[in-house]
There are 4 protein chains.
Amino acid sequence: MDDSDGSGPGTTRRERRIAARREQILQAAAKVFTEKGFHGATTKDIAEAADVAEGTIYNYFENKDALLLALINSLAMLNQREQIMEAGLQQDMSRFFVEHFLDRLQIVSQDMDALAAILPELLARPELREPYFASVVTPAIAMLERHAQARIAHGEIRPLDVPLAVRAFVGMFLGLWMLVALGDPFVQEAWAKPDQVVEKLFDLIMDGIRAKGEES
Amino acid sequence: MDDSDGSGPGTTRRERRIAARREQILQAAAKVFTEKGFHGATTKDIAEAADVAEGTIYNYFENKDALLLALINSLAMLNQREQIMEAGLQQDMSRFFVEHFLDRLQIVSQDMDALAAILPELLARPELREPYFASVVTPAIAMLERHAQARIAHGEIRPLDVPLAVRAFVGMFLGLWMLVALGDPFVQEAWAKPDQVVEKLFDLIMDGIRAKGEES
Amino acid sequence: MDDSDGSGPGTTRRERRIAARREQILQAAAKVFTEKGFHGATTKDIAEAADVAEGTIYNYFENKDALLLALINSLAMLNQREQIMEAGLQQDMSRFFVEHFLDRLQIVSQDMDALAAILPELLARPELREPYFASVVTPAIAMLERHAQARIAHGEIRPLDVPLAVRAFVGMFLGLWMLVALGDPFVQEAWAKPDQVVEKLFDLIMDGIRAKGEES
Amino acid sequence: MDDSDGSGPGTTRRERRIAARREQILQAAAKVFTEKGFHGATTKDIAEAADVAEGTIYNYFENKDALLLALINSLAMLNQREQIMEAGLQQDMSRFFVEHFLDRLQIVSQDMDALAAILPELLARPELREPYFASVVTPAIAMLERHAQARIAHGEIRPLDVPLAVRAFVGMFLGLWMLVALGDPFVQEAWAKPDQVVEKLFDLIMDGIRAKGEES
DNA sequence: TATGAATGAGCATTCATTCAT
DNA sequence: TATGAATGAATGCTCATTCAT
């Protein structure tokens, strides 16, 4: 009804205020979930962290579960980086891997704690798993499969079971992330100065662990 | 109070009865945690599954958390298979990897659901992470590191950053397991007929993904 | 603030606007109370039904209870039909009873649902009962008592305990109404084609149920 | 498992303890509902009135609604007096009416307050009305209809529309009860010394209000 | 006046834990 | 030891009411 300032296309001041409040609450929820886990976090905690009354939460989210879902979806948005990866086909593999991966690491690191708060619920509750898997994991894997196929066609990667290899690759990073989440000090440190680590991992993935003299 | 039979060294009938009861409750807890997750499981559920009164649980375990800890520890016992692995150094790598891995898969598959029930709590609660990490993850990684070092010394594996490589390896399996837990149908199917998959993974790990003509 | 037109004696345009708004909200409240009961109705419901913001309600009514009281009072206004009844003394009893009763039935039927929504609160909350009883029930009964006295004086009704008889009479209709409210299908149907029913009831009231041959 | 005392057929001590506790809570609920109405009564109130912890209520009743339903059902048991009424056919009408009615009044008076607490919910909530109507009202009316038919056959009551007459009769008492509940001082007093009132009502019902000289 | 977002007291219900039997 | 009824603190959520715009 009131969009008299030119602040944005299709967003009134009211809509922006509402979106901001929603975000404020969502961030608070992410913070508290991260600190105490989903079950350990009370709506009171979240309200306090958001500097809002408890009831206000319910003006923006149906219930506590809806907060979790919204958080999952916001993490899912990381996926919109897909384009970069398609574009990455131009680069040679080493450079692409290193650059893209470092880039990705930056992003994931920030959300790692939030993910660690969400993952438990994801594992424990099938009804949350399906939408998450469909909207986050499936597209990411599909994109990597296309990427790998292109590299194979281009002769950079040898022909192999692409779905499995991609999942092994994705799994490796998921697993390394999990080691961090579980508190492994080695990976935690490595995560801190990632350039060398990423290079070494690239090496492992490209050439495997076999000694030179040996034959497969 | 009663050790009049010679039934075992250091275990009276009473002690065995107690141990059996404890195990009965623990198995029930594992079952219920698996089905409903730690938070979804009530002590009432567990008592019913164990065919025991609610109060009886507290004669064997301090509280609900203690059940979780005991379960974590019992999963940690998988580690006692370590000897096999040390012995495995005699075998050539391919055979060792395949055999050991298939073996392991059998065990892990059985406990996978229980782990999926426990992991969320592990991730959410730092005070549980530390003992778990120390008693399960650290020894497993250390053992693999020793194993890898031996293989390097033996010239089967090329010299590399062993701690990182081992963690990448462990992470890969953790990550693949997580994809199963998250519901990825491809890995779930692959998990079902593991022989081929294991072989392909071995291949990937040994030789990497690089096309033959290329040079590192 | 603005009474510049001569629109009515003592009512400015503003006052009329205010009264209209009040009525609009009150009707909405009646509707929602009827549908969901007093406790089931939220101020949000009422605001939506009145096509008004929630806060606006509080510009016209102190609180939710005040809405109920206003509704009670508006039902009490049915009482202003009293004059008709006094006038009814001219008619012979049968005609008066039938005509007046049918008339009344029309009115009551419309408000029956609203009454069913209000009555529960009336029964449950003493502080509401008193004003209602004083403003609605007492005058109605008093008027009927005068009417009955007149009929006795006129020789149409035999001398009897007027207060009791009137209450038995009033009670009978209240009770029949309650049977409808409780869902009795027989009375509900009878309510639908009232002419015959009213005649039969008149008969019962006038002559009782005793068989002709019998003596009191 | 333990019925070693001869205290009752098929009731163990445990069962009796449980039944007693249930009754204790139910009585407390009746009391609190009566005082504050269903919505005004909190589970905390009920627990305090029953001298029990809040949680204990839920060991005996599913939820607050179940308390209400149990109360409704316990009032429905008044109906088991039916036999008396069938037997009452032996007595002459006047005596039967007076005796039975006085008897009934004693009972109803005691439960009147509880009924006043329940009725509002009955009126407001259709899902409660149906079972109540089916289990309490329908049988009572059916029984009175049979009774009336028998009296007609016996020549004590003139032929009339039995269903309507019975409902008018039932309605009259319901209505009088409601006037009491609404606080009418006259009926309240009359209720206190019922002998005369009952006789006068009998008179009204039997002979109607028509003056002797008049003709229908 | 009208609005509707913010508020927070209040409530039904759950469930781990205790303890008398 | 085993039992399971009793406990009551803790929690998610509702909704009448307020008040800044």
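Chains are numbered independently. Their residues run from 1 in the order of the written sequence. Here chains are named by letter from A upward and ligands by number from 1 upward, in the order in which they appear as written. In keeping with the model being predicted, local features are shown solely for residues with a pLDDT of at least 70 and side-chain atom pairs are shown and tallied solely at 80 or more, while totals for entire chains, interfaces and linings include all residues. As a rule here, side-chain values cover all heavy atoms of the structure and leave hydrogens and water aside.

*Asks:* How would you summarise the overall build of chain A if you had to cite specific residues and measurements?
*Replies:* Numbering of helices and strands starts at the N terminus; helices are DSSP runs of H or I of at least 4 residues and strands are runs of E of at least 2. The number of helices and strands found in chain A is ten helices and zero strands. Of the regular secondary structure in chain A, the N- to C-terminal order runs α-α-α-α-α-α-α-α-α-α. For every residue, the accessible area (1.4 Å probe, protein chains only) is compared with the maximum for its type, and the residue is labelled buried under 20%, exposed over 50%, or partly exposed between those bounds. The buried share of chain A, reckoned over its 216 residues, is 48%. Any two residues whose heavy atoms approach within 4.5 Å are treated as being in contact. Intrachain contacts of chain A at a sequence separation of at least 6 include 62% that bridge at least 24 residues. In the structure as shown, chain A presents an accessible area of about 11000 Å², 53% of it carried by carbon and sulfur atoms. Residue-level accessible areas treat just the shown protein chains as cover; the underlying method is Shrake-Rupley with a 1.4 Å probe.

*Asks:* Quick one: what's the story with helix α2 (residues 43–50) of chain D, residue by residue and with numbers?
*Replies:* Turning to α2(D), its buried residues are Thr43(D), Asp45(D), Ile46(D), Ala47(D) and Ala50(D). Remark: Asp51(D) follows α2(D) within two positions and exhibits a positive phi of approximately 55°.

*Asks:* Account for the relation of the copies chain A and chain B, naming residues and giving values.
*Replies:* When chain A is fitted to chain B, the best match, at an RMSD of 0.4 Å, comes from turning it 178° and sliding it 0.1 Å along the axis. Accordingly, the operation relating the two chain copies is best matched by a two-fold axis. A share of 98% of interface residues in chain A that are also interface residues in chain B marks the association as one of identical surfaces. To line up the copies, we fit them by least squares on C-alpha atoms, keeping just the residues with pLDDT of at least 70 in both.

*Asks:* Any chance you could break down the protein's contact with DNA strand E for me, citing the residues and the numbers?
*Replies:* In the vicinity of DNA strand E, 35 residues are found, and the nearest of them are Arg21(A), Thr56(A), Tyr60(A), Thr43(B) and Thr56(C). Counting only the atoms of DNA strand E that lie within 4 Å of the protein, the sugar and phosphate share comes to 69%. Within 3.5 Å is the distance limit for a polar contact, defined as a pair of N or O atoms, with the added protein rule that one can donate a hydrogen and the other accept it, and that residues adjacent in sequence qualify only through two side-chain atoms. Between DNA strand E and Arg21(C) there is a distance of 3.3 Å, counted from a phosphate oxygen to a side-chain nitrogen or oxygen. Between DNA strand E and the protein, one listed contact pairs a phosphate oxygen with a side-chain N or O atom of Tyr60(C) at 2.9 Å. Taken together, the elements giving at least two residues each to the surface near DNA strand E come down to α1 (13–40) and α3 (54–60) of chain A, α3 (54–60) of chain B, α1 (13–40) and α3 (54–60) of chain C together with α3 (54–60) of chain D. Counting residues per element, the surface near DNA strand E draws most heavily on α3(C), at five residues. Split by residue class, the surface near DNA strand E holds eleven nonpolar, 13 polar and eleven charged. One heavy atom within 4 Å of a molecule or strand is enough for the residue carrying it to be called near that molecule or strand. Three classes are used, and their members are as follows: Ala, Val, Leu, Ile, Met, Phe, Trp, Tyr, Cys and Pro are nonpolar, Asp, Glu, Lys and Arg are charged, and the others, Gly among them, are polar.

*Asks:* Account for the packing of aromatic side chains, naming residues and giving values.
*Replies:* Working definition: rings of Phe, Tyr and Trp (its six-membered ring) pair if their centres are within 6.5 Å, and the pair is stacked with planes under 30 degrees apart, edge-to-face with planes over 60 apart, and tilted otherwise. Applying the stated criterion across every chain, the model contains 20 aromatic pairs over all chains. Residues Phe97(A) and Phe202(A) carry aromatic rings whose centres are separated by 5.1 Å and whose planes lie at 40° to one another, so their mutual orientation is tilted. Placement of Phe97(A) in helix α6 (residues 93–124) and of Phe202(A) in helix α10 (residues 194–207) is noted, with a sequence separation of 105 residues between them. Consider the rings of Phe97(C) and Phe169(C), whose centres lie 6.0 Å apart with planes at 65°: the pair is edge-to-face. Remark: Phe169(C) occurs in helix α8 (residues 162–182) and Phe97(C) occurs in helix α6 (residues 93–124); sequence separation between them is 72 residues. Judged by relative accessible area, which is 24%, Phe169(C) ranks as partly exposed. Following the ring pairs from residue to residue traces out a cluster consisting of Phe97(A), Phe169(A), Phe173(A) and Phe202(A). Above the plane of the ring of Phe38(C) lies Lys64(C), whose end atom (NZ or CZ) is 4.5 Å from the centre. Working rule: Lys NZ or Arg CZ, within 6 Å of ring centre, within 35 degrees of ring normal, means a charge sits over the ring.

*Asks:* So, the protein's contact with DNA strand F: which residues are in play, and what are the values?
*Replies:* Taken together, 35 residues are adjacent to DNA strand F, and Tyr58(A), Thr56(B), Thr43(C), Arg21(D) and Tyr60(D) come closest. In this structure, Ala41(A) approaches DNA strand F through a main-chain N or O atom, which is 3.4 Å from a phosphate oxygen. A distance of 3.3 Å separates a phosphate oxygen of DNA strand F from a polar atom in the side chain of Arg21(B). Those elements that provide at least two residues to the surface near DNA strand F are α3 of chain A, α1 (13–40) and α3 of chain B, α3 of chain C together with α1 (13–40) and α3 of chain D. The biggest single contributor to the surface near DNA strand F is α3(B), with five residues. Class assignment for the residues of the surface near DNA strand F results in eleven nonpolar, 13 polar and eleven charged.

*Asks:* Residue-level account of the interface of chain C and chain D, with values.
*Replies:* Facing the 52 residues of chain C at the interface are 52 residues of chain D. Salt bridges, as used here, are contacts in which a Lys or Arg side-chain nitrogen is within 4 Å of a carboxyl oxygen on Asp or Glu. Counting across the chain C and chain D interface gives eight salt bridges. The closest approach of N and O atoms between Arg158(C) and Asp203(D), which form a salt bridge, is 3.7 Å. Linking chain C to chain D there are 20 residue pairs in polar contact (both at pLDDT 80 or more). Among the secondary structure elements, those contributing two or more residues to the side of chain C that touches chain D are α6, α7 (126–153), α8, α9 (185–192) and α10 (194–207) of chain C. Ranked by the residues each element gives to the side of chain C that touches chain D, the list is headed by α8(C), at 15 residues. Of the residues that constitute the side of chain C that touches chain D, the class distribution is 34 nonpolar, seven polar and eleven charged.

*Asks:* A description of the interface of chain A and chain B should follow, citing residues and the corresponding values.
*Replies:* Contacts between the two partners involve 52 residues from chain A and, on the opposite side, 52 residues from chain B. Across the chain A to chain B interface the summed buried area is about 5200 Å²; carbon plus sulfur atoms make up 72%. Broken down residue by residue, the surface that chain A buries against chain B is led by Arg158(A), Leu182(A) and Ile209(A), which jointly contribute 15%. Our count for the chain A to chain B interface comes out at eight salt bridges. The partner of Asp161(A) in a salt bridge is Lys200(B), with the nearest N and O atoms 2.9 Å apart. When two parts are put together, the accessible area they lose, computed with a 1.4 Å probe and summed over both, is reported as buried area.

*Asks:* Explain the pattern of salt bridges to me, using residue names and the numbers behind them.
*Replies:* Opposite charge on two side chains permits them to pair, given that their charged atoms come into close proximity. Counted under the stated rule, the structure contains 51 salt bridges over all chains. Arg167(A) is the partner of Asp184(B) in a salt bridge, and the nearest nitrogen-oxygen pair spans 3.0 Å. Taken as a pair, Asp184(B) in the loop between α8 (162–182) and α9 (185–192) and Arg167(A) in helix α8 (residues 162–182) lie in two separate chains rather than in one. Arg167(A) shares its class with Asp184(B); the two are buried. Beyond isolated ion pairs, a larger network of salt bridges with shared partners links Asp65(A), Glu121(A), Arg125(A) and Glu127(A).

*Asks:* I'd like a description of unusual backbone geometry, backed by residues and values.
*Replies:* Within the chain, Asp51(A) stands out as a residue other than glycine whose phi angle is a positive 55°. Along the chain, the position of Asp51(A) falls in the loop between α2 (43–50) and α3.

*Asks:* Before we move on, could you go through the packing of α10(A) against α8(B) and cite the residues and values that matter?
*Replies:* Where α10(A) meets α8(B), the closest approach of the two axes is 11 Å, and the angle between their N-to-C directions is 65°. For the pair α10(A) and α8(B), the sense of crossing is right-handed. Side by side, α10(A) and α8(B) meet where Val197(A), Lys200(A), Leu201(A) and Leu204(A) of the first sit next to Leu164(B), Ala165(B) and Ala168(B) of the second. Of the residues contributing to the contact of α10(A) with α8(B), the split by class is six nonpolar, no polar and one charged. Throughout, an axis means a line fitted to C-alpha atoms (over the contacting stretch in the case of helices), and angles, computed between N-to-C directions, take values from 0 to 180 degrees. By definition, turning the near helix anticlockwise from the far helix through less than a right angle yields a left-handed crossing, and turning it clockwise yields a right-handed one.

*Asks:* Can you explain the environment of Ile107(B)? Please cite residues and give values.
*Replies:* Examined against the element boundaries, Ile107(B) turns out to sit in helix α6 (residues 93–124). For the pair Ile107(B) and Ala41(B), spaced 66 residues apart in sequence, the C-alpha separation works out to 24 Å.

*Asks:* Can you explain the environment of Ala116(A)? Please cite residues and give values.
*Replies:* As for its position among the elements, Ala116(A) is in helix α6. With 31 residues separating them along the chain, Ala116(A) and His147(A) place their C-alpha atoms 28 Å apart. Those residues in contact with Ala116(A) that lie beyond four places of it in its chain are Trp177(A) and Leu123(B).

*Asks:* Which residues make up α6(B), and what are the values?
*Replies:* Residues and elements named next belong to chain B. An ideal rise of 1.5 Å per residue puts 46 Å on 32 residues; α6 reaches only 37 Å between its terminal C-alpha atoms. Along α6, the helix axis deviates most sharply at Met112, where the bend reaches about 50°. Where α6 begins, the capping side chain belongs to Asp92, and its oxygen is found 3.1 Å from the backbone nitrogen of Ser94. By definition here, a helix of n residues has an expected span of 1.5 Å times n minus one. Note that the bend at a residue is defined as the angle between axes fitted to the seven residues ending at it and the seven residues starting at it.

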